[in-house]
Amino acid sequence: MNLQAFAACLLVGAVAAPALAALVIGAAIALVKKPPEHRVHQVCAAAFIAALLASIGLALGLASGQLSPSTVSLGPALALRGYRLDFDLALSPGGAAMLVLDFALCGLVGAFSARYLHQEEGFYRFYIQLLMFSVGIAVIAAADGLDLIFAGWEVVGLSSALLIAFFYERRAPVDNALRAYAVYRMTDVGLLFAVVTLHHLQGGASLSALATAPLGEAERTLLGAAIIFGAMGKGAIVPFTPWLPRALEGPTPSSAIFYGALSVHASPFLLLRISPLLESSLALRLTAAGLGLATALYATLVGRTQSDVKKALGYAAAAQVGLIWVEIAAGLTTLAWVHMLGHSVLRTWQLLRAPSLLHDRHRLMTLKGADLGPTGAHIERRIPPRLRRRLYRWSLERGYLDELLFDKALDLPRRALAALGELDAAWARRFERPDDQGEAR
Amino acid sequence: MNPLVLLLVAAVLAAASSVLIARAPRPEARGLALVAGGLLAAAAAIAALTFLGEPAPVSGAVAWLSFRFDAAGATLIPAAAFSGLALLLATPERDCDGPHCARVVGLMTAAALALLAADLRALVLAELASLSLARQALRALRRNALDEASFTLAAILNLAALAMAWFEGLDRAPFAELARSAPPLILVALGLAAALRLGLPPFSSWLSSALAREQVAGALIAALPFSGVAVFARVIEPALSLAGAHEPLVVSVPLLIAAVLLAAMAAAQRQLGRSYAYALLAAVCVSIVGVLDPDPVGYAGGLLMWAASLVATTGFGLAVAATTARLGPLDVSRHHGLYRRAPGLGLAFLVTGIALAGLPGSVDFSAAELMLHGSVSASAPELALIAIAFSLIGFNVIRLSFRVFFGPSEGQGDLDLRPRERVALYGLAAFLVLGGLAPGLIPLLRSQGG
C-alpha cells in the first residue's frame, strides 16, 4: 500500500470514527438503558483521538508535500442510468485543517462535558448529538461534491437544533431551537438548488472541478448566489444574525463549539470551497463583502448592549464571521483561513470560560489595580448624543431584525394559511350528519 | 419460483381470511390479521428478493385478469405490505376491532393487486376495492356527506373509465397499448378518481378533517396513499409520454404549487392531526410529480418517493395516532412536554418525521435526489418549488416534535410505547434508514442501475 492509499484510508477512518462511536453508544443505550458514564466518555474520547491523529497525519503530510491533494472515491452511493451520486472525499489542506479543528474541539468539549454534565439527565443524549454534529462537520470538511456537503450540512443543522433544545423542559430553549432550525431550513433551499443546478450544468457536483467547468457567467452567478444564500443561515449573516445569540441556550460546551467554532465557520468554509466561482464574478464578491460588512457592523453594535456574557460572545462571533466573509470576498483566502482557525479556538476558549467571567474580571482588576473601564469609549465620544441614544435603542432591540423577520414578515402568511385551514375545516363540518360527534377541536 | 404466483396466492389467501377476521372477536382479530398480513408481507419480501437475483418482469393471467410483476412492484408491494403490518401492530386497542383489522388486510391486498395489475380491468377492480375499504373505514368513524360524495364519485369515475375502455376494446389490453390508443376521457376519469381517492387539492377536506379526529388510526386506512400510484405510473404517465404532452405548466407546476401550499399550511396548523394531514398530502403531491416525470431517473425517483413516503407517512401517522390516543387531539401552538413520559415515542416521532422530510440517510433523501435530477433539474421554478416544499415539511416535523415532546411536562405517569408499537414504529424507522444507507439494494434501483 503506498502513502497516498494509506492517506485515503486515514481520511475515511477519520470521518467514520465518530459515526461508529455514535452507533456503539446508541446500541449500548438500547441494550443497557443507562451504560456507565465513564464508558460512554471513553468510547467518545477514543473516536475523537483516533480521528484527530489521523487528521493531523493528513495535515502534516499535505503540508510537507509527502501527500498530494486528491479525490478518494468510495464508489457511488446512488447510481441510475446516467445519474450518479458519488461518495467522494477530497484530500486537501483546507479540509484536513478543518478536520483537525473539528476533532480537536469536539474532543476537548467531550472531555470537558464528562464533568460538566455528570449525572445530568441528558448526558447520553448530549454525547450522541455531539458525535452526530462532529460527523456532519467532518463530511462538510472532507466532501468533494456539493451534494455530500449538503448531507453534512443537514446533519449539522438537525444536531444543532436538538442541542439548543437540550434543556427541553424550559420553553425558551425550545422556541429558540425552533427559530434557529427555521433559519437553517429557509437558507438550505439555496444550497439544495445549487446542488441540483450544478449537477445539471456540470454533470456532477464536484467542487474540485468547479474551476475548469465550462459554465457561463450567468450560470456562475446563479450558482454562487444560491450557495451564498445557503451559507448565510449557518453563518448568522444579516438578516439572519439574531438566531445565533438565541442558540446559546444549550449547554455551554455545545455553545462553545457550535456557535463559537465549527457550525458558524462552516459558512466561510463553504465560501472558501467555492472560491473559483467567487473569483469569476464581481457581483458575487461584492454581495459577499456587503453582507459580511453589514453583519460585522450590526453584530458589533448590538453586542455592545448585551447584558449576558454568552450573548455578547455570540454577537462577537457573528462580527468576526462577517469580517471573514469580507476577507474571502477580497480574495485574501490565506488571511481568512488563519482568521477562521484562530477565531475558532479563541471563541471556544472564551465560551467555555464564560461561567467564570466574573472571577476572571476580578482577577484582572486586581492585577491592574483599578477598574477595567468600558471599551470603545473613545469612539462613542465622537458620536453625537442624539444619534448615540438612537443607536443604543436600536441595539437593545437587536436592530428590530427578529421583529421584521419572524413577526412582521411571517405574520401575514401564517395567518392566511391558518385561515385557509379553518376554511377547509369549516367546509368539511358543513357535511357532517346529525349523528356525527364532530371533529375533535 | 414464480414470484407472481406466490404473490397472487398470498393475496387471495389474505383477501379470503379478511372475511374471517372481520367477524373475529376483538382480542383475536389483531392476531389473525397479523398472520394474514404477515403472509402477504413475507410473499412480498420473497418476491422482491427473487427479483434482486433475476430482474426480469414476470407476467401471467388469472381468470379474465392479467397481472405482471416488475421492479416497481418489487419495491412498492413490500412497502405497502410492511406499512400495513405496522398499522395492524400499532393501532391502539380501542380502535383495533375485527372490521378494522380486516380493512387493513384488505387494503394491503388491494394495493398489491393494483401494483400487479397488467390491464385496466384488474387495476380498476383493485382500485374499487381500495375505495370501498377506505369508505368503510371513514364510515366507522363518522357520517359525513363529503366522504360519501368523494368516494362515490371516485367509484363512478373508475367504472366509467372501465366502461369506456371496454367500449373501445381496451379493457384487457396491456397498458402500453392502452396508453397509445385510449381516448383522453379515460385518462381524465382515472386521474380524477385517483385524485379523489388520495384527497388531493381541491378534494382534500375529507382527509384533513378525518385525521383531526381522536381516532387517527382508523382514519389512516383511508388517508395513507396505499393506492393511486399504479394509475399514475402505469396508465397516465405512459400516455402523456407517448403523446409528448408533458407540459410542466399543466402537470408538474400546479402539483408543486399545491405541495408548497400544503406544506406551508401544515406548518401553520394548530391541530396535530390536521398538520400531519397536510404534510402527508404535500408528500403525495411531490411523489406524483416524480411518477409523471418523462425522464427515467425522475420517474424512478418518483416511484421510490411514493414507496418511501408511504412508509414514512405510515410511521409518522402511527406516532401521531399513539400520541393522540394518549393525550387526545393536541393543540401544537403550545408545548406539551411529553418526552419525559414517552421518550421512545418521541424518538420514533422524530425519526419517521425526519425521514418524511427527506433528511440525509433516509430513503426519501435518495428518492428526492433522483427526482431532483430528472426533468425538473432543467426548470428553475420547479426546482425551487420542490426545495421549498421539502424545506417546509422538514421544518414542520421539527416544530411538531418540539411542541409535542418538549416544554414543561403536563401530568405524570409513563406513556411510552408498548412492545408491539415499538416493533411497528422502530421497524418502519429501520426500513427508512437502512434503505437510505444502502439504496443499491432496492429492486427498483438495482434493475436500472449504472
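The paragraphs below set out a description of the structure included in this document. Computed from a predicted structure; not experimentally measured. (Residues numbered from 1 in each chain as written. Chains lettered and ligands numbered in written order. Predicted model: local features only at pLDDT ≥ 70, side-chain atom pairs only at ≥ 80, totals over all residues. Heavy atoms only, no water.)

Counting its regular elements, chain B contains 19 helices and two strands. Compactness check: chain B gives a C-alpha radius of gyration of 20 Å against a globular reference of 22 Å for 450 residues, within 12% of the reference. In chain B, which comprises 450 residues, the proportion classed as buried is 67%. Counting contacts in chain B only where the partners sit at least 6 residues apart, residues at least 24 apart contribute 81% of the total. Looking at chain B as shown, the accessible area adds up to about 14,000 Å², and 67% of this sits on carbon and sulfur atoms. Distance between charge centroids for chain B: 9 Å, based on 28 positive and 26 negative side chains. (Helix = DSSP H or I, 4+ residues; strand = E, 2+ residues; numbered from the N terminus. Rg over C-alpha atoms; globule rule 2.2 N^0.38 Å. Buried < 20%, exposed > 50% of the residue type's maximum accessible area, 1.4 Å probe, protein only. Contact = heavy atoms within 4.5 Å. Areas by Shrake-Rupley, 256 points an atom, 1.4 Å probe, with all protein chains shown as cover. Lys, Arg positive; Asp, Glu negative; His and termini not counted. Charge placed at Lys NZ, Arg CZ, Asp CG, Glu CD.)

Turning our attention to the nonpolar core. By size, the foremost hydrophobic cluster in this structure holds 333 residues, and its most contacted members are L146, W243 and W325 of chain A together with F402 of chain B. For this core, the element with the highest residue contribution is helix α14 (residues 296-327) of chain B, accounting for 18 residues. Look past the residues within four positions of F402 of chain B in its chain and what remains in contact with it is A161, L162, A165, V174, A177 and L178 of chain A together with H335 of chain B. (Core = buried A, V, L, I, M, F, W, Y, C linked by side-chain atoms within 4.5 Å.)

Where interface size is quoted, it is often the accessible area lost as the parts come together. Across the contact, 53 residues belong to chain A and 66 residues belong to chain B. Taken together, chain A and chain B are joined by three salt bridges. Across the salt bridge formed by R340 of chain B and E169 of chain A, the nearest N and O atoms sit 2.5 Å from each other. Among the elements of the structure, β1 (70-80), β2 (83-91), α5 (146-164), α6 (171-202) and α17 (401-430) of chain A are those that each provide at least two residues to the side of chain A that touches chain B. A per-element tally of the side of chain A that touches chain B places α6 of chain A first, with 16 residues. Considering only residue class, the side of chain A that touches chain B consists of 31 nonpolar, six polar and 16 charged. (Salt bridge = Lys/Arg side-chain N within 4 Å of Asp/Glu carboxyl O. Nonpolar A, V, L, I, M, F, W, Y, C, P; charged D, E, K, R; others polar.)

A separate point is the packing of aromatic side chains. Applying the stated criterion to the full structure yields 24 aromatic pairs over all chains. Seen in terms of ring centroids, F126 of chain A and Y127 of chain A are 5.6 Å apart; in terms of plane orientation they differ by 85 degrees. Their pairing is edge-to-face. Of the residues examined, F126 of chain A reaches a relative accessible area of 0% and is grouped as buried. The exposure class assigned to Y127 of chain A is buried, which follows from its relative accessible area of 0%. Between F402 of chain B and F406 of chain B, the ring centres sit 4.9 Å apart and the planes meet at 35 degrees, which makes this aromatic pair tilted. The positively charged end of R125 of chain A is found above the aromatic ring belonging to F166 of chain A, 4.7 Å away from the centroid. A cation over an aromatic ring shows up here: K234 of chain A above the ring of Y184 of chain A, its NZ or CZ 4.2 Å from the ring centre. (Phe/Tyr/Trp six-rings, centres within 6.5 Å; stacked < 30°, edge-to-face > 60°. Lys NZ or Arg CZ within 6 Å of the ring centre and 35° of its normal.)

We now examine the packing of helix α3 (residues 71-90) of chain B against helix α4 (residues 98-116) of chain B. All names here are of chain B. Where α3 meets α4, the axes come as close as 9 Å, and the angle between the chain directions of the two elements is 175 degrees. One way to sum up the angle between α3 and α4 is to call them roughly antiparallel. Contacts from L76, I77, A80, A81, G84, L85, L87 and L88 in α3 reach C101, V104, V105, M108, A111, A112, L115 and L116 in α4. Looking at the contact of α3 with α4 residue by residue, the class counts come to 15 nonpolar, one polar and no charged. (Axes fitted to C-alpha atoms, helices over the stretch in contact; angles between N-to-C directions. Parallel < 35°, antiparallel > 145°, perpendicular 65-115°, else oblique.)

By the bridge criterion, eight bridges tie β1 of chain A to β2 of chain A in an arrangement that is antiparallel. If you follow S70 of chain A over to β2 of chain A, its bridge partner there is L91 of chain A. (Pairing = 2+ DSSP bridges.)

By the definition in use, this model includes one cavity of 30 Å³ or more. Reported here for the largest cavity is a volume of approximately 170 Å³. Those elements that provide at least two residues to the lining of the largest cavity are α5 and α6 of chain A together with α16 (363-372) and α17 (380-405) of chain B. Class assignment for the residues of the lining of the largest cavity results in eleven nonpolar, two polar and four charged. (1 Å grid on protein atoms, 1.4 Å probe; cavity = no way out; pocket = protein on both sides within 12 Å on 5 of 7 lines; lining within 4 Å. Points joined across faces, edges and corners; volume = space filled by probe spheres on them.)

A word on helix α10 (residues 216-223) of chain B. Burial runs high along α10 of chain B: eight of the eight residues are buried. Taken as a whole, α10 of chain B has its buried residues at V216, A217, G218, A219, L220, I221, A222 and A223 of chain B.

Turning our eyes to something else, we now look at a positive patch on the surface. A cluster of like positive charges, contributed by R386, R388, R389 and R390 of chain A, occupies part of the molecular surface. Note that R389 of chain A resides in helix α16 (residues 385-396). (Patch = residues over 30% accessible without salt bridge, like charges linked within 9 Å, V, L, I, M, F, W, Y side chains within 5 Å.)

The next point concerns the side chain of R403 of chain B. Structurally, R403 of chain B can be placed in helix α17. No salt bridge is formed by the buried R403 of chain B, whose closest oppositely charged neighbour, D175 of chain A, lies at an N-O distance of 4.1 Å. A polar contact is formed between the side chain of R403 of chain B and the backbone oxygen of V332 of chain B, at a distance of 3.0 Å. The residues contacting R403 of chain B, other than those within four sequence positions of it, are D175 and L178 of chain A together with V332, S333, R334, H335, H336 and G337 of chain B. (Polar contact = N/O pair within 3.5 Å; in protein donor to acceptor, adjacent residues only side chain to side chain.)

Moving on, we get to the environment of Q136 of chain B. Residue and element names in this part refer to chain B. Note on placement: Q136 falls in helix α5 (residues 120-141). Residue Q136 is classed as partly exposed on the basis of its relative accessible area, which comes to 38%. For Q136 and R403, which are 267 residues apart along the polypeptide, the C-alpha to C-alpha distance reads 33 Å.

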